[in-house]
Amino acid sequence: MTPEPAPDLAALAAAVRTCTACPELAATRTQVVVGDVPAGARLLLMGEAPGATEDETGRPFVGRSGQLLDELLAEVGVARADVAVLNTIKCRPPGNRAPSRAESTRCRPWTERQLALAAPAVVVALGLSATRWFLGPTSLAAVRGTVHDARGLRVLPTYHPSAALRWGPDGEPRRLLRDDLALAASLAVGA
Ligand code: URA
Ligand code: SF4
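Reference entry: report on the structure contained in this document. Note that the structure is a prediction, hence the values are computed from the model and not measured.

1. Considerations on the pattern of salt bridges
Part 1 of the reasoning: Tallying each qualifying case throughout the model produces 13 salt bridges.
Part 2 of the reasoning: As a salt-bridge pair, Asp70 and Arg80 come within 2.9 Å of each other at their nearest N and O atoms. One end of the pair, Asp70, is in helix H4 (residues 64-75); the other, Arg80, is in the loop between H4 and strand S2 (84-87), and ten residues separate them in sequence.
Part 3 of the reasoning: Judged by relative accessible area, Asp70 falls into the partly exposed class, the value being 33%.
Part 4 of the reasoning: With a shortest N-O distance of 3.1 Å, Arg175 and Glu172 are connected by a salt bridge. One end of the pair is Arg175 and the other is Glu172, both in helix H9 (residues 172-190) and three residues apart, which spans about a single turn.
Part 5 of the reasoning: Taking the relative accessible area as the measure of exposure, Glu172 reaches 46% and is therefore partly exposed.
Part 6 of the reasoning: Through salt bridges with shared partners, a single ionic network connects Asp36, Arg59, Asp70 and Arg80.

2. As for the site of ligand 1
Part 1 of the reasoning: In the region of ligand 1, the neighbouring residues are Gly47, Glu48, Ala49, Glu54, Pro60, Phe61, Asn87 and His160.
Part 2 of the reasoning: The contact in question runs from an oxygen atom of ligand 1 to an N or O atom on the side chain of His160, over 2.9 Å.
Part 3 of the reasoning: Within the complex, the protein chains bury 91% of what would otherwise be the 240 Å² of accessible surface of ligand 1.
Part 4 of the reasoning: Residues of the shell around ligand 1, tallied by class, amount to three nonpolar, three polar and two charged.

3. Things to note about the packing of helix H1 (residues 9-16) against helix H5 (residues 101-118)
Axis angle and axis distance: for two packed helices, these are the angle between their axes and the distance between the axes, and together they describe the pair.
Part 1 of the reasoning: Where H1 contacts H5, the two axes come as close as 10 Å, and the packing angle between them is 165°. Judged on the interaxial angle alone, H5 and H1 are roughly antiparallel. Regarding H1 and H5, the two cross each other, and that crossing is left-handed. Within the contact between the two elements, H1 uses Leu9, Leu12, Ala15 and Val16 and H5 uses Trp110, Arg113, Gln114 and Leu117.

What counts and how
- Residues numbered from 1 in each chain as written.
- Chains lettered and ligands numbered in written order.
- Predicted model: local features only at pLDDT ≥ 70, side-chain atom pairs only at ≥ 80, totals over all residues.
- Heavy atoms only, no water.
- Salt bridge = Lys/Arg side-chain N within 4 Å of Asp/Glu carboxyl O.
- Helix = DSSP H or I, 4+ residues; strand = E, 2+ residues; numbered from the N terminus.
- Buried < 20%, exposed > 50% of the residue type's maximum accessible area, 1.4 Å probe, protein only.
- Near = heavy atom within 4 Å.
- Polar contact = N/O pair within 3.5 Å; in protein donor to acceptor, adjacent residues only side chain to side chain.
- Areas by Shrake-Rupley, 256 points an atom, 1.4 Å probe, with all protein chains shown as cover.
- Nonpolar A, V, L, I, M, F, W, Y, C, P; charged D, E, K, R; others polar.
- Axes fitted to C-alpha atoms, helices over the stretch in contact; angles between N-to-C directions.
- Parallel < 35°, antiparallel > 145°, perpendicular 65-115°, else oblique.
- Left-handed = near helix turned anticlockwise from the far one by under 90°.
- Contact = heavy atoms within 4.5 Å.

The analysis is restricted to geometry; functional conclusions fall outside its scope.
Set out below in structure tokens:
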């Protein structure tokens, strides 16, 4: 059982750092990657799960995917420091395997509570895993690049930066991820 989510972001961070609801992840992680929620952030990016660099540093999206994300945010005129960044689950799965259904379910109350407390104007779901976390079974092709309502949140699904890295600097995923971040940034300002 995930413990009862906390009343504010600081209390939540303290509680989630000691969460052991997923035994395998709790035994293999270096630390819990709670996520970044700067005060007043209107844009929130949702990833899947921490990777090796995130597990080492305790911060979301600081490895290769994070570096590309920072670069693309800068290209569309957004400072990373103004953006909230979360993952659907907070502990690194060993070997970067996908989170299991049980892990995703256990961590959901934490992430839901973070979303409620952050109250972003626009959420960008990075990749299929985050997209399904919000929208349920779907394909990225079906939903990418348009705004969807997920229980009162405006969610824009797009490629994960790892897809953009895989396809390279001239690949379509990089271009579309950049376009989608630009759209999300403009919606967040206008909302
Ligand atoms: N990939 C993710 O989905 N999240 C991170 O924090 C890093 C890589
Ligand atoms: Fe707890 Fe989430 Fe980590 Fe599982 S992934 S141990 S629910 S913080």
